Amino acid sequence: MKTFLQKSILIVFLTLFFFSNKAIAQTTYTWNRTVTASYTTSTNWTPTRTTPASTDVLQFNNGATFTVTDVPTQTIGRLLVTNNTKVTFSSPNPNGTYTTTIGGNASGDDLVVDSGCQLNLSGSRAEIISLLAGATGNITGNMTFTGAANQLLAANASSITFNSPAVFTAGTGFSGSAFGTTGTSNTVIFANGSTYVSAAGANPFGLTAPNSKVQFQTGSLFRLTQNAAPALNNRTYANFEVNGSGIVQSVTGASGVTMDNLTMTAGSLNLNTTGVNAVNIKGNISVASGATLGFNPAIGTNVLTFSGTIPQTITNAGTLTFGANEAVVIANTASPTPSVTFNNNQTISGSLTVNSGSILATSAILTNANPSVNGGLQLNSGGFVSATPTYGSASTLIYNRGSAIGHGVEWTGTGAPPVAGSGIPNNVTIQGNTSFTPTAARGLAGNLSIESGSSVLVNSSLNLTVRNSITNNGTLTLENNGNLLQVNNVANTGSGSTIVKRNSNPLIRLDYTMWSSPVANQNLLNFSPLTSISPNIRFYTYNPTINAPATTGFYQSVASPSTTPFDIGIGYLIRLPFNHPTAATVWNGQFTGTANNGTQNITISNSGDRFNSVGNPYPSPISISQFATDNSSNIETSIYFWRKTNNSFSPSYCSWNTASSTFSDNGEAFTESPLGVIQTGQGFLVQAKSGATNLVFNNGQRVANNANQFFRNANTTQDVTESNRFWLNMTGATSGFSQTVVGYFTNATLGADDFDSKYFNDGPIAFTSVIDNQDYVIQGRPVPFTTADVVAMKYKVATAGTYSIAIDHVDGLFSENQAIYLRDNLTATIHDLTTGAYNFNSDAGTFAERFEVLYQLPLGVENPSFTAGQVVVYKNEANQIVISSGNVIMESVKVFDIRGRLLIESKNINASQTTINVGSSTEVLLVQITSNEGQVVTKKVIR
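A brief structural summary.

About the thresholds
Residues numbered from 1 in each chain as written. Predicted model: local features only at pLDDT ≥ 70, side-chain atom pairs only at ≥ 80, totals over all residues. Heavy atoms only, no water. Phe/Tyr/Trp six-rings, centres within 6.5 Å; stacked < 30°, edge-to-face > 60°. Helix = DSSP H or I, 4+ residues; strand = E, 2+ residues; numbered from the N terminus. Buried < 20%, exposed > 50% of the residue type's maximum accessible area, 1.4 Å probe, protein only. Lys NZ or Arg CZ within 6 Å of the ring centre and 35° of its normal. Pairing = 2+ DSSP bridges. Salt bridge = Lys/Arg side-chain N within 4 Å of Asp/Glu carboxyl O. Polar contact = N/O pair within 3.5 Å; in protein donor to acceptor, adjacent residues only side chain to side chain. Contact = heavy atoms within 4.5 Å. Axes fitted to C-alpha atoms, helices over the stretch in contact; angles between N-to-C directions.

Turning our eyes to something else, we now look at the packing of aromatic side chains. According to the stated counting rule, one finds 64 aromatic pairs in the structure shown. Judged by centre distance (5.2 Å) and plane angle (25°), the rings of Phe-168 and Tyr-196 are stacked. Here Tyr-196 lies in strand E19 (residues 195–198) and Phe-168 lies in strand E17 (residues 167–170), a separation of 28 residues in the sequence. As far as the burial class goes, Phe-168 and Tyr-196 line up, both buried. An aromatic cluster is built from Phe-145, Phe-162, Phe-168, Phe-174, Phe-179, Phe-190, Tyr-196, Phe-205, Phe-216, Phe-222, Tyr-237 and Phe-240, whose rings are joined through pairwise contacts. A cation over an aromatic ring shows up here: Arg-401 above the ring of Phe-384, its NZ or CZ 4.6 Å from the ring centre.

As structure tokens, this is what we get:
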């Protein structure tokens, strides 16, 4: 055992001694000449190199520029060029090939050319530097091959690396491939910051594609300065530059080249290759002034793919052409902005496709027949597209203009609802302090995002439809009659403001409007800061528990308007500001908050008379018929709109029957039928059905409508198959108005049903039809219509006087010369209303049996008798006694005091109305009227 241990120690000692002596045996020889001299002269080396060895280290470090001749075929250990030394190996001997083999028998890199240094191979014979297995080269300086087929070879992959700022030049007279054409792949690496200049010779790849002797890593550069076609078939470059004014090359055939940046500094290069992935650009394209770059295959298709992982740009000061057979694909995956940006006007004659997750950006005019965008299309300052894109389900249109912009053909569609496709993007983003104002109605299939500092303005009569949500961190403004419609039941978010402007009808000071907010968190007093809150608060909510026959208490003041926001879906009665003009003038309302969207469930009361004040909760109109359908189990079929100027002689409400789409007016100026639409900001009243506790608003009720005022719409949709209607107005001689409607509809009945709207109003005149002793402002009756039908009418007047009943308008069969008669049962008079109004006199009170509507004359109509009931006597504003006898002609009138003394007599009147001045004292008078047929009626009146 001892002997074995001793032998082992001896072996280890001898081994260490052997390798130590080998390292010591390596000799470093330093070149000592600064002018052209021979490699083989021993004294040109220090120490004198009399016996070259394969382990020798040859060093050039004197900082001079010189040529070394007569370089023999020789094996050495290392070759070092340092200290700004510039050495050229050259020999005039044209015969043979001479190889400097570097064995790599020492630590560190075996071939070194430091930054600022040069190691050039030149001359008429081929010089080869070859690194054996295990040897490595590190070049940060320059190498130039000229004059012959010089080579730099290595046995192992990645043996030789050109590091920044190294430049390798295949120069004048060079031929062949610099790194060989056989053996191991990727023996030479061009790292970030290094350059290969192709001024002569063949391509540097050497091997059949996809194999290669050289690898161009990211950040390296291949510069073409010779007029020769570059190798493109299945080749991978990093940065690629063409820089030669005499270069005119057109590369055809199948290809699959990959590049980072492609730069045209000088010359002309046409990449007219074909293939599914013919050209793959991972960086930028830049074409300098005077240079030409083309992608224009004559046949087939060249697919040019921009597939960088950093943002890419295309800059063209020269000529850049994309032909009709060129398919451009944007497939950038940079994070967080995967963009490819065109900085100059560009025509892409072939197809243009933006993949999902990528962004095509332009700062200029981009012309293309039909872009296909399933990623992003970003318009920067100055950027436009000339053709309408076809958008995919993952597409986003991005406005990044940094200024005000309308829109062009990049967004042309609306959709109902919007679906991504031609002209309709999936998502739209407004960013970069851009102010976007569409010039026509627009829709998007996904989400709208408005970033901080940016804004969207929807002008009057335009609609913006968003299928999903809105993230608003900027400003979204809807001008009066401009609408925002949303499809899906999603929440809107963001810290920005949605401003909805809504004009009232022309109103006068002290008038009211029933408002409903289309945005969340709008404060009542901020909405109308000059509405009175002292001594009386003029912000009201409706009292749903009120019971007939109450005449007051319908509205309750909001306790603190300054701290109370609009509740979603609730109508508020708000008086105009105290400084509003006394002439009818539009008031400009403005709501500010987050746009309401999606399903809104509103609590309603079914106690008392069950009327509830609710309101459109959306920044767009809603369809009355859809609202009624969705709430058929919650509310009755009639809705009522507040519309009253400061006029006590007109009723406050207009009525709409949802089953028949029938409107009853209140006679006020600027009030017109809604024709099926509840406008933005409008509150209204509904009557809860027994047991109902809530009603619902939803996006399905929202419609695109741009009427210029409340109760106005350009189109109407009737919900019944047959509709025949007439509207009757009752008016006083000087003031007062009431309208009622009678119609004949499919599915209507003679009893109370959905086609009937109860009278819900105020004012000094009420004119209604009657069903089961109930008053109706709209009555629906069944079809088929029969002329034998009779409709009982009822009226109420607050003061005695002369009144008139007339047709306002008709439709359906009543527009076809169908007579409409009014029978006055008091005077036994039948009047054809189609020939004009019927005038009559009435005492104050309610009269349920005086009038009926007929459609044919009854047989045997008798002349009317003269009774006290048909004579009206009242005092007018001038303290005169007005006597009206209806259709009976008066012969004379006598006035007696209560003791029977004749005070005044008027003879030969020959009229149905007369006026007598009886003075101003107060007493009871007896008025005796004698008709021209001798009939006498006596009426009592207080003077």
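Side-chain alternation along strand E1 (residues 28–31) places Tyr-29 and Trp-31 on a buried face and Thr-28 and Thr-30 on a face that remains uncovered. Pairing between E1 and strand E3 (residues 45–46): 2 bridges, direction antiparallel. Directly across from Trp-31, in E3, lies its bridge partner Trp-45.

Applying the stated rule across the entire model yields 12 salt bridges. Across the pair Asp-56 and Arg-49 runs a salt bridge, and its minimum N-O distance is 3.0 Å. When sorted by exposure, Asp-56 lands in the same class as Arg-49, which is buried. Residue Glu-852 is joined to Arg-823 by a salt bridge in which the shortest nitrogen-to-oxygen separation is 2.9 Å. Of this pair, Glu-852 sits in strand E79 (residues 851–854) while Arg-823 sits in strand E75 (residues 821–824), and the two are 29 residues apart along the sequence. Residue Arg-823 is classed as partly exposed on the basis of its relative accessible area, which comes to 22%.

Once that is clear, we can look at the side chain of Asn-272. Note on placement: Asn-272 falls in the loop between strand E24 (262–271) and strand E25 (275–281). Residue classification places Asn-272 among the buried positions, given a relative accessible area of 13%. Within the local environment of Asn-272, its side chain forms a polar contact with the side chain of Ser-250, the two groups lying 2.9 Å apart. Ignoring anything within four residues of it in the chain, the contact list for Asn-272 reads Ser-250, Val-251, Thr-252, Gly-253, Gly-294, Phe-295, Asn-296, Pro-297 and Asn-302.

Taken in spatial order, the 4 strands make up an open sheet running E6-E9-E12-E15, and their pairing is parallel. The outermost strands of the open sheet, each flanked by one partner alone, are strand E6 (74–76) and strand E15 (151–154). For this sheet, the mean angle separating the axes of adjacent strands, direction not counted, is 20°. Looking at chain direction, strand E9 (residues 97–102) and strand E12 (residues 126–131) are connected through 6 bridges and run parallel. Residue Ile-102 lies in a different strand from E12, and its bridge partner there is Leu-131.

As a general point, the strands of a sheet are linked pairwise by backbone hydrogen bonds and lie either parallel or antiparallel. Pairing is parallel in the open sheet, where 7 strands are placed in the order E23-E25-E28-E31-E34-E37-E40. Whereas interior strands pair on both sides, the edge strands pair on one side only; in this sheet they are strand E23 (257–259) and strand E40 (390–391).

Turning next to the side chain of Ser-532. Within the secondary structure, Ser-532 sits in the loop between helix H2 (524–527) and strand E55 (539–542). Of the polar contacts made by the side chain of Ser-532, one reaches the backbone oxygen of Ser-534; its length is 3.3 Å.

To continue, consider unusual backbone geometry. The omega angle of the peptide bond from Ser-534 to Pro-535 is 0°, so this bond is cis rather than trans. Tracing the sequence through the fold places Pro-535 in the loop between H2 and E55. Of note, Asn-234 is a non-glycine position whose phi angle comes to about 55°, a positive value. Mapped onto the elements of the fold, Asn-234 is located in the loop between strand E21 (221–224) and strand E22 (239–251). Unusually for a residue other than glycine, Ala-828 sits at a positive phi of about 55°. In this fold, Ala-828 is placed in the loop between E75 and strand E76 (829–832). Classification of Ala-828 by relative accessible area gives partly exposed; the value is 39%.

Here the focus is the pairing of E22. Two elements, E21 and E22, share 4 bridges in a ladder whose sense is parallel. Across the sheet, the residue bridging to Leu-221 is Asn-239, located in E22. Bridging between E22 and E24 involves 8 bridges; their strand directions are parallel. Each bridged residue has a counterpart across the sheet, and for Val-251 the counterpart in E24 is Leu-271.

Let's shift gears to the environment of Ala-288. Note that Ala-288 resides in the loop between strand E26 (285–287) and strand E27 (292–295). By relative accessible area, Ala-288 is classed as partly exposed at 27%. Between the C-alpha atoms of Ala-288 and Tyr-540, which are 252 residues apart in sequence, the distance is 71 Å.

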